[in-house]
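Summary of the model geometry
What follows is each chain in one-letter form.
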There are 2 protein chains.
Amino acid sequence: MNKQRKYLFEEVYEYLWQRIERSDWKTGDKLPSIRELSMEMNVHRLTVYKAYQMLKQQGKVFVKDKSGYYVQGSSTSPIDGHSLLRANEKTYTLSEIHQQSVQYQFSQALIDPNLLPNHFLSDYVKKVFDLYPKVLSTYSTVQGDMELRDTLATYFITRYKTHLSHDDILITSGSQQALHLISQLFIKPRDTVLLERPSYSAAIDIFKSQDAHLIAIDIQPYGYDLEKVEMLMKQYKPRLFYVNPTFHNPTGYTVPTAQRKKLVELAERYNCVIVEDDAYHDIYFEKAPPPPLYTFDTAGVVIYVRSFCKYVSPGLRVAACVVPPAMKDGLLTVKGLADNGSPLLNQKIFLHYFSSPRLQQHLEKLRIALQIRKEIMEEELQKTNWSWISPDGGLNLWVQLPDPLPTDQLLQKAIENSVSFVPGLICDPLQQGFSSSLRLSYSYANEEQLRVGVRRLIEVVNTYA
Amino acid sequence: MNKQRKYLFEEVYEYLWQRIERSDWKTGDKLPSIRELSMEMNVHRLTVYKAYQMLKQQGKVFVKDKSGYYVQGSSTSPIDGHSLLRANEKTYTLSEIHQQSVQYQFSQALIDPNLLPNHFLSDYVKKVFDLYPKVLSTYSTVQGDMELRDTLATYFITRYKTHLSHDDILITSGSQQALHLISQLFIKPRDTVLLERPSYSAAIDIFKSQDAHLIAIDIQPYGYDLEKVEMLMKQYKPRLFYVNPTFHNPTGYTVPTAQRKKLVELAERYNCVIVEDDAYHDIYFEKAPPPPLYTFDTAGVVIYVRSFCKYVSPGLRVAACVVPPAMKDGLLTVKGLADNGSPLLNQKIFLHYFSSPRLQQHLEKLRIALQIRKEIMEEELQKTNWSWISPDGGLNLWVQLPDPLPTDQLLQKAIENSVSFVPGLICDPLQQGFSSSLRLSYSYANEEQLRVGVRRLIEVVNTYA
């Protein structure tokens with residue numbers, strides 16, 4: 001999709017919408033023709049046509065026979081950029097896919113609740129209430145509970161030998177919130193954001209909702225083409241680069257240590273903030289991944305977003321960010337505006353589980369369980385001519401079909417067969433490719449469901465082959 | 001403060017900042033003089049001076065003797081509009097006041113934790129874990145837990161005889177988040193927002209952070225001058241009107257029923273969204289307040305933000321919004337982007353306390369306790385020549401001193417004496433008045449603290465009289 005044309009069309013839309021709002025044209029008035037407007041605004045007729053279609057969908061204008069567009073009575077409510085974006089999308093959104101109730105769930109990169117420490121967490125919760133009887137009648141500070149931040153700082157120091165303190169840590173309600181706050185702080189409309197291609201679709205949505213101009217760099221099994229990264233930074237001066245370098249979502253690739261160092265240097269040179277999303281760091285099968293990018297950062301260009309909750313308790317919604325000192329005040333301000341601090345109860349529950357030896361025991365078991373599930377999915381897929389690179393960690397397989405397929409129809413058909421997956425297109429920041437790619441999460445379905453579901457999926461795909 | 005000038009100054013700031021970023025001027029380069037730039041940009045010299053001062057504070061430029069401004073080396077990180085706002089404020093911010101550790105705490109409109117049902121909530125939490133053993137390993141939907149939304153819908157129907165369903169309700173992480181989401185959805189830079197004067201300072205901050213153009217209508221003991229409201233709506237076409245019509249913060253005033261109906265009609269006529277913040281609805285002393293504005297809304301112009309947590313458990317961070325159907329998708333989209341849904345645990349804990357008979361018992365006791373505290377504060381204040389209108393509910397007294405005082409110094413002095421309050425200026429959307437007004441919350445301090453603290457405050461004020 002051509003980015004430029006999209007902006008133009010939005011501008012025409014906004015122009016028309018505002019003039020109708022200001023009653024320059026009143027209910028029942030005939031609006032300028034597509035031809036007139038395209039000449040007046042010096043844009044392609046298709047651009048005007050699209051703007052009118054959007055206004056029509058939103059009940060702002062109507063068409064009388066073939067005589068043109070007219071202003072509709074104002075029964076509609078104000079419209080925002082987000083609904084604009086949504087109305088413009090042709091394919092399933094991720095949340096629409098997730099709303100499908102299916103038996104074989106390969107679309108959500110979530111861990112099967114049966115693999116999570118539910119029982120122990122309940123015990124810890126009771127402990128929390130004994131320790132902090134007034135935890136529910138108190139707000140947390142905006143930055144997050146001090147005890148939790150202290151514990152996390154110690155953890156990071158011990159693990160990565162880098163110095164930091166509770167002052168450098170901000171607690172957010174999940175990594176989704178962290179990305180949203182960062183995007184609000186740094187991105188003005190039409191600022192350039194660099195993303196990996198493919199990338200995490202919720203992050204793509206967040207940056208789009210800020211009207212960022214998205215550019216992308218391919219992520220490969222060996223990492224990035226750093227020369228190209230440098231060229232893009234030089235040419236576009238991106239405000240930030242959103243990376244997920246460890247068991248990358250959706251591909252599972254991990255960027256090697258040497259590239260990590262180099263990337264931080266590039267970011268420093270081109271004054272580009274790196275947002276490092278590290279949700280899968282601890283979900284490895286054989287050996288621990290390289291240290292995070294932020295550990296190589298001496299200039300304060302990397303914001304490190306670490307979600308622990310995926311494998312402890314997604315329901316708690318607790319994530320931690322390591323924030324360079326110069327960015328802290330800004331992030332605290334947007335966090336304060338957004339919700340005035342994450343709930344204290346959730347932070348305390350997480351803290352007590354996190355500090356207990358249970359966590360390591362749980363993780364060891366979880367790694368084995370996930371590896372087994374991955375291998376079962378791969379075993380079934382080996383019966384096809386599909387290809388993928390077997391990941392060393394994370395929750396997903398990024399599968400390539402031999403030929404492009406009509407993804408929407410395929411997904412529809414799969415859902416009818418009670419199987420869900422994420423189409424490649426949704427993971428493309430440029431929304432134009434990956435029509436032969438699927439993301440299959442092996443973490444949610446149990447072993448039996450994995451076998452049956454993958455077989456069903458193969459059958460559905462084969463009807464198109 | 002002149003709104004126009006502020007924007008100008010920000011524009012000059014941004015212009016300079018961006019040119020430095022683009023290396024039009026490099027480290028060590030001399031920048032244009034104030035005189036040159038004011039001529040080039042056709043702005044007042046003071047405007048340029050302010051922009052340079054801001055850049056200096058942020059380490060972006062430096063002054064060499066008296067020879068002018070020079071570009072500083074880029075050790076600083078990117079700056080956003082928020083830090084800009086903050087740096088521009090001369091007075092204490094609310095959160096700075098709240099960070100002060102004082103013995104006599106009259107600045108936070110929070111309820112004394114000793115008056116909250118901590119013990120019973122702990123029991124309910126254990127119940128929640130028995131009922132939903134996997135509550136921590138599950139996400140809520142973006143809109144919020146269905147069971148909670150059903151319960152709230154039934155509650156609203158029973159109480160206000162208006163029809164609505166779980167579909168019309170959105171759960172947010174506190175009313176702060178609700179206001180923030182609404183503001184993100186509806187406000188583009190320089191859109192006009194109508195507020196009450198005085199108003200809730202966090203709301204003022206939220207709308208400012210969206211670069212809204214703020215206009216204000218006085219709130220009086222009898223409500224608003226509706227003719228003036230109509231005039232403002234006609235003239236400025238505000239995108240939304242943020243109201244807190246029931247035991248208003250900070251004044252405690254309540255808008256009467258007849259005005260509520262009329263206001264909804266006006267909003268409908270002028271296509272202005274009303275955001276009704278109703279955090280104090282149940283905190284009345286003698287009789288229940290009039291029904292909320294949204295109950296008079298047939299056209300879908302009112303978003304009703306109801307926080308229950310203030311008097312149950314602030315730490316849970318659960319609020320409910322009643323959202324007109326046409327606005328629902330937009331709000332769900334911004335909520336999804338912001339945090340993908342509030343934590344399920346918190347919603348379930350709140351649900352079970354909310355549905356229990358304990359809630360009404362707690363509320364009855366709480367009302368008496370708060371009324372007693374209010375009366376103690378008033379008893380002490382009666383010894384002065386200060387004036388206030390005794391509120392019928394809520395958590396605050398809005399007190400007028402006979403003369404304007406240097407608020408910042410007064411607050412500083414009060415804090416030195418271990419007393420905190422909120423200066424009137426902070427509650428002014430126009431940031432220019434109320435220099436003889438104080439907001440004193442009687443809900444947090446206990447009876448002894450109220451007596452001693454108010455006496456100390458009177459002493460401090462008297463040193464200025």
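Residues numbered from 1 in each chain as written. Chains lettered and ligands numbered in written order. Predicted model: local features only at pLDDT ≥ 70, side-chain atom pairs only at ≥ 80, totals over all residues. Heavy atoms only, no water.

In the nomenclature of an unreviewed UniProt entry, chain A corresponds to PLP-dependent aminotransferase family protein from the organism Robertmurraya beringensis. What the UniProt record of chain A gives under Sequence similarities (unreviewed entry) is the line "In the C-terminal section; belongs to the class-I pyridoxal-phosphate-dependent aminotransferase family." (UniProt positions renumbered as here; feature names shortened; annotations may be inferred.)

1. So, the overall build of chain A
Within chain A, the secondary structure is distributed over 16 helices and 14 strands. A globule of 465 residues ought to have a C-alpha radius of gyration of about 23 Å, and chain A, at 24 Å, matches this closely. Projected onto its principal axes, the C-alpha positions of chain A cover 75 × 55 × 50 Å. Looking at the 465 residues of chain A, the share that counts as buried comes to 61%. Sequence-distant contacts in chain A: of pairs separated by 6 or more residues, those separated by 24 or more amount to 74%. Accessible surface for chain A amounts to roughly 18400 Å². Of this, 49% is attributable to carbon and sulfur atoms. Positive and negative side-chain charges in chain A, numbering 52 and 51 respectively, have mean positions lying 3 Å apart. (Helix = DSSP H or I, 4+ residues; strand = E, 2+ residues; numbered from the N terminus. Rg over C-alpha atoms; globule rule 2.2 N^0.38 Å. Buried < 20%, exposed > 50% of the residue type's maximum accessible area, 1.4 Å probe, protein only. Contact = heavy atoms within 4.5 Å. Areas by Shrake-Rupley, 256 points an atom, 1.4 Å probe, with all protein chains shown as cover. Lys, Arg positive; Asp, Glu negative; His and termini not counted. Charge placed at Lys NZ, Arg CZ, Asp CG, Glu CD.)

2. Focus: helix H11 (residues 257-269) of chain B
Residues and elements named next belong to chain B. Along its 13 residues, H11 runs 19 Å from first to last C-alpha, staying within 8% of the 18 Å computed at 1.5 Å per residue. Of the positions making up H11, those classed as buried are Gln 259, Arg 260, Leu 263, Val 264, Leu 266 and Ala 267. Within H11, the buried residues cover an arc of 160 degrees as seen down the axis, which keeps them to one side. Summarising the contacts, the buried residues of H11 are in contact with helix H10 (226-236), strand E7 (240-243), strand E8 (273-277) and strand E9 (302-307). (Expected span 1.5 Å × (residues − 1). Arc of directions from axis to C-beta.)

3. Considering the interface of chain A and chain B
If you look at the interface, chain A gives 63 residues, while chain B gives 64 residues. Between chain A and chain B, the buried area comes to about 5500 Å², and carbon and sulfur atoms account for 57% of it. Put simply, chain A and chain B have zero salt bridges between them. Along the contact surface separating chain A from chain B lie seven residue pairs in polar contact (both at pLDDT 80 or more). When residues of the side of chain A that touches chain B are traced back to their parent elements, those giving at least two are helix H1 (3-21), helix H4 (81-88), helix H6 (118-131), helix H8 (174-186), helix H9 (201-209), helix H12 (325-339) and helix H13 (344-354) of chain A. For the side of chain A that touches chain B, the element with the highest residue contribution is H12(A), accounting for 10 residues. Classifying every residue of the side of chain A that touches chain B gives 28 nonpolar, 23 polar and 12 charged. (Buried area = accessible area lost by both parts, 1.4 Å probe. Salt bridge = Lys/Arg side-chain N within 4 Å of Asp/Glu carboxyl O. Polar contact = N/O pair within 3.5 Å; in protein donor to acceptor, adjacent residues only side chain to side chain. Nonpolar A, V, L, I, M, F, W, Y, C, P; charged D, E, K, R; others polar.)

4. As for the domain arrangement of chain A
With domains assigned, chain A is organised as domain 1 (3-79), domain 2 (94-110 + 365-462) and domain 3 (118-356). Relative placement of domain 1 of chain A and domain 3 of chain A: their C-alpha centres are 41 Å apart. (Domains from an automatic or database assignment.)

5. Describing the sheet that holds strand E5 (residues 192-197) of chain A
The pairing of strands in a sheet comes from backbone hydrogen bonds and takes either a parallel or an antiparallel form. Residues and elements named next belong to chain A. Taken in spatial order, the seven strands of this open sheet run E4-E10-E9-E8-E7-E5-E6, and their pairing is mixed. Both edges of this open sheet fall to strand E4 (169-172) and strand E6 (213-218), since each of them pairs with a single strand only. Recorded for the sheet is a direction-independent mean angle of 20 degrees between the axes of neighbouring strands. This element, helix H7 (residues 146-160), spans E4, strand E9 (302-307) and strand E10 (319-322) of the sheet and lies at about 120 degrees to E4. (Pairing = 2+ DSSP bridges. Axes fitted to C-alpha atoms, helices over the stretch in contact; angles between N-to-C directions.)

6. Considering unusual backbone geometry
Omega for the bond connecting A:Asn249 with A:Pro250 falls within 30 degrees of zero, at 10 degrees, which places this linkage in the cis form. Position of A:Pro250 among the secondary structure elements: in the loop between strand E7 (240-243) and helix H11 (257-269). Its identity as a non-glycine residue notwithstanding, B:Gln431 has a phi of 50 degrees, on the positive side. As for its placement among the helices and strands, B:Gln431 is situated in the loop between strand E13 (422-423) and strand E14 (437-441). For B:Gln431, a relative accessible area of 24% translates into the label partly exposed. Notably, B:Phe434 is not glycine yet its phi reads approximately 60 degrees, a positive angle. As for its position among the elements, B:Phe434 is in the loop between E13 and E14.

7. Some points on the relation of the copies chain A and chain B
If you rotate chain A by 180 degrees and push it 0.1 Å along the axis, it lands on chain B with an RMSD of 0.2 Å. The two molecules are tied by a two-fold rotation axis, judged by turn and shift. It is A:Lys126 whose C-alpha, among those of chain A, lies nearest the rotation axis, at 3.6 Å. Looking at chain A, 100% of its interface residues are interface residues in chain B too, so the copies touch through the same face. (Least-squares fit on C-alpha atoms with pLDDT ≥ 70 in both.)

8. A few points about the sheet that holds strand E13 (residues 422-423) of chain A
Residue and element names in this part refer to chain A. The three strands lie next to each other as E11-E14-E13, forming an open sheet whose pairing is antiparallel. In the strand order of this sheet, the two ends are held by strand E11 (396-400) and E13, each with one partner. Against the sheet, helix H14 (residues 358-381) contacts E11 and strand E14 (437-441), and its axis sits at roughly 15 degrees relative to E11.

9. A look at the pairing of E5(A)
Residue and element names in this part refer to chain A. For E5, the tally of buried residues reaches six of six residues, placing the bulk of the element in the interior. Sheet topology note: the E5/E6 ladder contains six bridges and is parallel. Its bridge partner being in E6, Leu 195 is matched across the sheet by Ala 216. Running through H9, the crossover from E5 to the neighbouring parallel element E6 is right-handed. Pairing between E5 and E7: three bridges, direction parallel. Looking at the pairing, Leu 194 lines up with Phe 241 of E7. (Right-handed = clockwise from strand over helix to strand, strands pointing away.)

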